[in-house]
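Examining the three-dimensional arrangement
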Amino acid sequence: MNDVIIIGSGPAGLSAAITCANKGLNVLIIDEYLKPGGRLLGQLYEEPDGTWWNGINESAKLYEEALNKDVQFLMNTPVHNIEKAKDGWVIYTEDNTFNTNHLLLATGAAESPIPVPGWTLPGVMSVGAAQVMTNVHRVKPGEKGVIIGVNVLSAAIAMELKLADVDLACLTLPWNNQLTEEAAQPRKVMESLLHVSHMAPSPLVRTGSKFMKNDFMKKLGITFYPKKGVKMWDIPIQLRKAVIEIYGNNQVEGVTLATIDTNGEVIKGSEEHIACDFVCIAGGLYPLTELAAVAGCPFYLIEELGGYVPLHNTRMETALKGLYVAGNITGIEGAKVAAAQGVTAGLSIAKDSGVNGLESEIKKSIQSIERMRENAYIQFHSDVAKGKRILQDQWKEYKASTETVFL
Ligand SMILES: Cc1cc2nc3c(=O)[nH]c(=O)nc-3n(C[C@H](O)[C@H](O)[C@H](O)COP(=O)(O)OP(=O)(O)OC[C@H]3O[C@@H](n4cnc5c(N)ncnc54)[C@H](O)[C@@H]3O)c2cc1C
């Protein structure tokens, strides 16, 4: 029996595995994908200091280090259920069941879709799929594309597609309906874009966005937003236009775009057609938490963290004995934060497994998560730190109420 089983070989799972192995524990990682690295594999961007963050290289480094510490890997293996046993946890895959006393869920995040008429045509994909095709498999998703949904992730991936010489006609909004909510509201989207203005290549856009960071200027900015869009990396970002249909006979041939007012309502008669052979839908990310749900973890809905997250403390322990979480399952953030959370989870597991003298290391690792968060290049939600505070308040309340019950 393994001392620790980790589900997910992204930056959180790999860092936790290395930490546990460094403390003398025997670790098994199970992952449904064919390569270790998780969503880190697709990431490629230039850091503010001019160095490149190359997710394939970062994943390879972590994987090699884990192999050198004798971490075992079981790839191509989805986990479809976990159950609390008398002394630990049972993990179910199609071919086998596994037992362990310490189980870490590091399953990452998933993409939210945005329904658009025509979205079942071949050539329509999630923006994350375009990232994996381009950066992991080195296959162009098409010759010319349109991205529906303007957010941190689509902005980052547009830049990556550009680096791969894939032509993008524009990034634009989805049409306003009951499901698209804020993603179709120009003002809300403008606010979230200002949050990533540091990624803009032009000093003019970067400086301009600093002036926009008050409500009046934001309103003014969206009212007078140029009809042709603002270009970033030479790609028009269209906040006053929305895709109302994707069309084509047997595959994507183009999109119908319409001008929208500041509330996202379509201005009739403004429709135009844009030819393209692929369309990416970018509806944002949410934590992938199903396994924590089947285990019976208490959950909280925290918008700042991307949706429902399992209750856990700063040591990455859940409310269930022997069950831990790390990475995007605890809230949507970048890979460096996920890796730092993995280290904390690994140290907590080692401590709970009987390794002594870890208390100050655990405290330092918790501080390191906060530092990573403050300095993160990509921040998926501006108030993520607030989301984390809300969750810690919930943890205290939960602990107080359960302790009262058991007294
Ligand atoms: C589509 C997409 C694109 C992203 N792009 C960026 C980006 O460009 N820049 C950025 O900073 N962040 C990006 N992120 C955020 C990204 O999730 C974090 O940067 C980081 O990779 C999170 O690490 P993690 O270890 O928590 O999860 P992940 O890296 O997502 O790894 C989770 C792993 O768990 C495995 N898994 C999940 N469920 C199961 C199961 N039931 N059984 C077995 N294995 C399972 C998955 O196969 C995966 O390998 C992206 C996220 C997504 C979903």
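What counts as what
Residues numbered from 1 in each chain as written. Predicted model: local features only at pLDDT ≥ 70, side-chain atom pairs only at ≥ 80, totals over all residues. Heavy atoms only, no water. Helix = DSSP H or I, 4+ residues; strand = E, 2+ residues; numbered from the N terminus. Buried < 20%, exposed > 50% of the residue type's maximum accessible area, 1.4 Å probe, protein only. Contact = heavy atoms within 4.5 Å. Areas by Shrake-Rupley, 256 points an atom, 1.4 Å probe, with all protein chains shown as cover. Lys, Arg positive; Asp, Glu negative; His and termini not counted. Charge placed at Lys NZ, Arg CZ, Asp CG, Glu CD. Near = heavy atom within 4 Å. Polar contact = N/O pair within 3.5 Å; in protein donor to acceptor, adjacent residues only side chain to side chain. Expected span 1.5 Å × (residues − 1). Arc of directions from axis to C-beta. Domains from an automatic or database assignment. Buried area = accessible area lost by both parts, 1.4 Å probe. Salt bridge = Lys/Arg side-chain N within 4 Å of Asp/Glu carboxyl O. Nonpolar A, V, L, I, M, F, W, Y, C, P; charged D, E, K, R; others polar. Phe/Tyr/Trp six-rings, centres within 6.5 Å; stacked < 30°, edge-to-face > 60°. Axes fitted to C-alpha atoms, helices over the stretch in contact; angles between N-to-C directions. Parallel < 35°, antiparallel > 145°, perpendicular 65-115°, else oblique. Left-handed = near helix turned anticlockwise from the far one by under 90°.

1. Description of the overall build of the protein
Each helix and strand counted, the protein has eleven helices and 21 strands in total. With 407 residues in all, the protein has 52% of them scored as buried. Counting contacts in the protein only where the partners sit at least 6 residues apart, residues at least 24 apart contribute 64% of the total. Of the accessible surface of the protein, which amounts to about 19,000 Å², a share of 52% is contributed by carbon and sulfur atoms. Here the protein holds 37 positive side-chain charges and 45 negative ones, and the gap between their average locations is 6 Å.

2. Let's talk about the site of the ligand
Among the 35 residues in the neighbourhood of the ligand, the closest are listed as D31, R39, Q43, V79 and N328. In the environment of the ligand, an oxygen atom lies 2.6 Å from a nitrogen or oxygen atom belonging to the side chain of D31. E32 is positioned with one of its backbone polar atoms (N or O) 3.0 Å from a nitrogen atom of the ligand. Expressed as a share of its isolated accessible area of 960 Å², the protein-covered part of the ligand is 95%. Secondary structure elements with two or more residues in the shell around the ligand: α1 (11–22), β9 (109–111), α3 (127–136), α4 (152–163) and α9 (335–352).

3. Observations regarding helix α2 (residues 55–68)
Look at α2: 20 Å from first C-alpha to last across 14 residues, which is about the 20 Å you get at 1.5 Å a residue. Restricting attention to buried positions, one finds in α2 the residues G55, E58, S59, L62 and A66. Each buried residue of α2 sits inside an arc of 100° when the element is viewed along its axis, so together they form one side. Set apart from the buried face of α2 by more than 90 degrees, the exposed residues are K61, E64 and N68. In this structure, the buried residues of α2 make contact with α1, β4 (52–54) and β5 (72–74). Of the residues flanking the start of α2, the one acting as N-cap is N54, its side-chain oxygen 3.0 Å from the backbone nitrogen of I56.

4. Some words on the domain arrangement of the protein
Taken domain by domain, the protein holds domain 1 (2–110 + 285–406) and domain 2 (113–281). Its C-alpha centre places domain 1 at a distance of 32 Å from the equivalent point of domain 2. Contacts between the two partners involve 17 residues from domain 1, matched on the other side by 16 residues from domain 2. The junction of domain 1 with domain 2 conceals about 1,300 Å² of combined surface from both sides, 65% of it contributed by carbon and sulfur atoms. Taken together, the connections running from domain 1 to domain 2 amount to zero salt bridges. At the junction of domain 1 and domain 2, the tally comes to four residue pairs in polar contact (both at pLDDT 80 or more). Tallied by class, the residues present in the side of domain 1 that touches domain 2 amount to ten nonpolar, five polar and two charged.

5. A word on the packing of aromatic side chains
Under the defined criterion, the tally for this structure stands at two aromatic pairs. Both rings, one in Y63 and one in F73, keep their centres 4.8 Å apart while their planes meet at 85°; by these two values the pair is edge-to-face. Of this pair, Y63 sits in helix α2 while F73 is found in strand β5, placing the two residues ten residues apart along the sequence.

6. Structural notes on the packing of α1 against α2
At a minimum axis distance of 9 Å, the contact between α1 and α2 shows a crossing angle of 30°. It follows from the interaxial angle that α1 and α2 lie roughly parallel. For the element pair α1 and α2, the recorded crossing hand is left-handed. Here P11, L14, S15 and I18 of α1 come into contact with α2, specifically with S59, L62, Y63, E65 and A66.

7. A word on the side chain of D31
In this structure, D31 sits in the loop between β2 (27–30) and β3 (44–46). Here the side chain of D31 touches Y33 through a polar contact of 2.7 Å, landing on its backbone nitrogen.

8. Considerations on the pattern of salt bridges
Oppositely charged side chains can form a pair if their charged atoms are brought close together. Tallied over the entire structure, the rule returns nine salt bridges. We note a salt bridge from E359 to R315, for which the minimum N-O separation is 2.3 Å. Remark: R315 occurs in the loop between β20 (307–310) and β21 (323–325) and E359 occurs in helix α10 (residues 359–374); sequence separation between them is 44 residues. For E359, a relative accessible area of 27% gives the class partly exposed. Given the relative accessible area of 22%, R315 is considered partly exposed. Notably, a salt bridge pairs K351 with E359, separated by 3.6 Å at the nearest N-O pair. On the accessibility criterion, K351 (35% relative accessible area) is partly exposed. Salt bridges sharing common partners tie together R315, K351 and E359.

9. Some remarks on α4
The first and last C-alpha atoms of α4 sit 17 Å apart over twelve residues, in line with the 16 Å expected at 1.5 Å per residue. A large share of α4 lies buried, amounting to ten of its twelve residues. When α4 is considered as a whole, its buried residues turn out to be V152, L153, S154, A155, A156, I157, A158, M159, E160 and L161. One side-chain oxygen of the residue at the start of α4 lies 3.2 Å from the amide nitrogen of L153, identifying that residue as N151. Phi turns positive, to about 65°, at D165, one or two residues after α4.

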